[in-house]
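# Coordinate inspection notes
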Amino acid sequence: MIAIIDYGAGNLRSVKKAFNHLKQDTIIAGKPEDLDKADKVVLPGVGAFGSAIEKLRETGFYEATYDWLYENKPFLGICLGMQMLFEESLESEDTRGLGIFKGKCPRFKEGKVPQMGWNQINITRESPLLEGIKDKSFFYFLHGYYVEATDTGTVIATTDYFINYTSMIQKENIFGVQFHPEKSGETGLKMLSNWLEIC
Amino acid sequence: MLATRIIPCLDVDLGRVVKGIKFKDLDNVGDPVEMAKSYNEQGADELTFLDIGASYKSREILIEVLEKVSEQVFIPLTVGGGLRSTEDMRKALNSGADKVAICTSAIENPSLITEGAKIFGSQCIVLSIDAKRQGNSWYAYTHGGRNNSGIDAIKWAKKGENLGAGEILLNSIDKDGTKEGYDIELTAKISESVSIPVIASGGAGNPDQLVDAVKEGKADAVLLASLLHYGEYTIKDIKEHLEKKEICVRW
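A brief look at the structure comes next. Everything quoted here is computed from the prediction, not taken from an experiment.

Each helix and strand in chain A was counted, giving five helices and 14 strands. Since a compact globule built from 199 residues should have a radius of gyration of about 16 Å, the 15 Å found for chain A is in line with a globular shape. Taking the principal axes of the C-alpha coordinates as reference, chain A spans close to 40 × 40 × 30 Å. When burial is assessed residue by residue, chain A has 55% of its 199 residues classed as buried. Sequence separation of at least 24 residues holds for 68% of the intrachain contacts in chain A that already meet a minimum separation of 6.

Spelled out as structure tokens, the structure:
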């Protein structure tokens, strides 16, 4: 069972639909106890870093997610869900992220912000998440802030948008992707099914 | 590199695509779900559905269409036409749309942009501008291009961005259906005045005009209807042409 964390922000339906298309049972987790039924957790996200973390705290998901991550259980953070795995975002400097990965999230300084559309990944390290996915594959991105990972060993792919930035990370069973695999056509579905296989 | 998006637009009335129904390879001609699947397979980067029926029933049917499409097609979906409240937006987004486009209702009630952005995020809110030229200015029109709001289209685009719109869908009333090409001047002016993406729409007759919209008009994406619906070009033809002209496309 895959739990999709619902902390009251963002459209979770497309994530759910993509997993259902891959014949997976999903549960929209509205309270932390729902994670008990799951063996995999997805943290989706759109919107602002500060209010998202705040909502995670209000709903009790902050601690539940932290515990899940601490136990190194299968996890996928999507877009803002990836950024929240980091220590902080310049979007709201007073708010601490989950801090599983070292680094922060600055805002794009050039180009149209948010970056919206299909961009490519540059694979920097082998990962089972990228099995059968070619270097320079396109995924759908939608974000104004990006991740600046201090520990480059956790980076598995980068993307170029005026600068070169981290677009995929991995630490054992914990994965984060800046793009929306659920909206990235066949390549996105392939990546999601890779994640299901690993975990 | 960020690719220029090619976005087929399906004008839907009572559950049928009404513009350009000469699809030869499809059994169910003019069915929006089948057309959406076909364009997805051809390599469309996003899909836009506009309800032109503007009746309650037509909108309800489009919601059902979105439900079906979003279970089978995993690319961004935008829906527009007759959305007047955040509740209408919520219905559309819950049915499987990723973005909602508003035009007349945004002009009548600009705070709808802000309210929508606050609840669903700016990335969800597409400000659709139907613009028509008068002398050296362009004005934003409402009600499917029938009424002049008297609002300067460029100023309206900037205001829309400030109010929280995440993208602008710019439709030239003068060029719509002419096949003369996009209104490059207007597209460039708006694209340079805002920092959010601009989708050029209205007037595409051949792939060279798309190149102009991107290179001269600085469009981030192009909306296509009849050029694709009548089977003159496939998305692949168009992308190959753009790539030859050194425009980044997604394969």
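Next comes the rest of the description.
With that out of the way, let us pick up the nonpolar core. Grouped together as the largest cluster of nonpolar side chains are 148 residues, with contacts concentrated most on Ile7, Val100, Ile168, Ile199, Val222 and Leu224 of chain B. When residues no more than four places from it in sequence are discounted, the contact partners of Ile7 of chain B are Ala44, Asp45, Glu46, Leu47, Thr48, Ile199, Ala221, Val222, Leu223 and Leu224 of chain B.

With respect to the secondary-structure elements, Glu115 of chain B resides in helix 5 (residues 111-120). For the pair Glu115 of chain B and Gly164 of chain B, spaced 49 residues apart in sequence, the C-alpha to C-alpha distance is 8.6 Å.

A word on helix 5 (residues 185-198) of chain A. Residues and elements named next belong to chain A. Taking 1.5 Å of rise per residue, 14 residues should cover 20 Å, and helix 5 covers 20 Å from first to last C-alpha, within 8% of that figure. For helix 5, the complete set of buried residues consists of Gly185, Thr187, Gly188, Met191, Leu192 and Trp195. Buried residues along helix 5 cover an arc of 160° about the axis, so they all sit on one side. For helix 5, the exposed residues lying more than 90 degrees away from the buried face are Glu186 and Glu197. Among the structural elements, helix 1 (13-21), strand 4 (75-78), strand 10 (138-143) and strand 14 (174-177) are those in contact with the buried residues of helix 5.

Before going further, it helps to examine the sheet that holds strand 5 (residues 88-89) of chain A. All names here are of chain A. Taken together, four strands build an open sheet; the order of strands is 6-5-7-11 and the sheet is mixed. Looking at strand neighbours, the two that pair on one side only are strand 6 (92-96) and strand 11 (148-149), the edges of this open sheet. Pairing analysis gives two bridges linking strand 5 to strand 7 (residues 103-105), with the strands arranged parallel. Opposite Ser89, over in strand 7, you have Cys105 as the bridge partner.

Bringing the interface of chain A and chain B into the picture now. Counting from both sides, the interface comprises 27 residues of chain A and, opposite them, 23 residues of chain B. If you list the elements that add at least two residues to the side of chain A that touches chain B, you get helix 1, strand 8 (115-120), strand 10, strand 12 (155-161) and helix 5 of chain A. Ranked by residues supplied to the side of chain A that touches chain B, first place goes to strand 8 of chain A with six residues. Tallied by class, the residues present in the side of chain A that touches chain B amount to 11 nonpolar, 10 polar and six charged.

Reading the values: rules and limits
Residues numbered from 1 in each chain as written. Chains lettered and ligands numbered in written order. Predicted model: local features only at pLDDT ≥ 70, side-chain atom pairs only at ≥ 80, totals over all residues. Helix = DSSP H or I, 4+ residues; strand = E, 2+ residues; numbered from the N terminus. Rg over C-alpha atoms; globule rule 2.2 N^0.38 Å. Buried ≥ 20, exposed ≤ 12 C-beta atoms within 10 Å, placed from the backbone. Contact = placed C-beta atoms within 7 Å. Core = buried A, V, L, I, M, F, W, Y, C linked by C-beta atoms within 7 Å. Expected span 1.5 Å × (residues − 1). Arc of directions from axis to C-beta. Pairing = 2+ DSSP bridges. Nonpolar A, V, L, I, M, F, W, Y, C, P; charged D, E, K, R; others polar.

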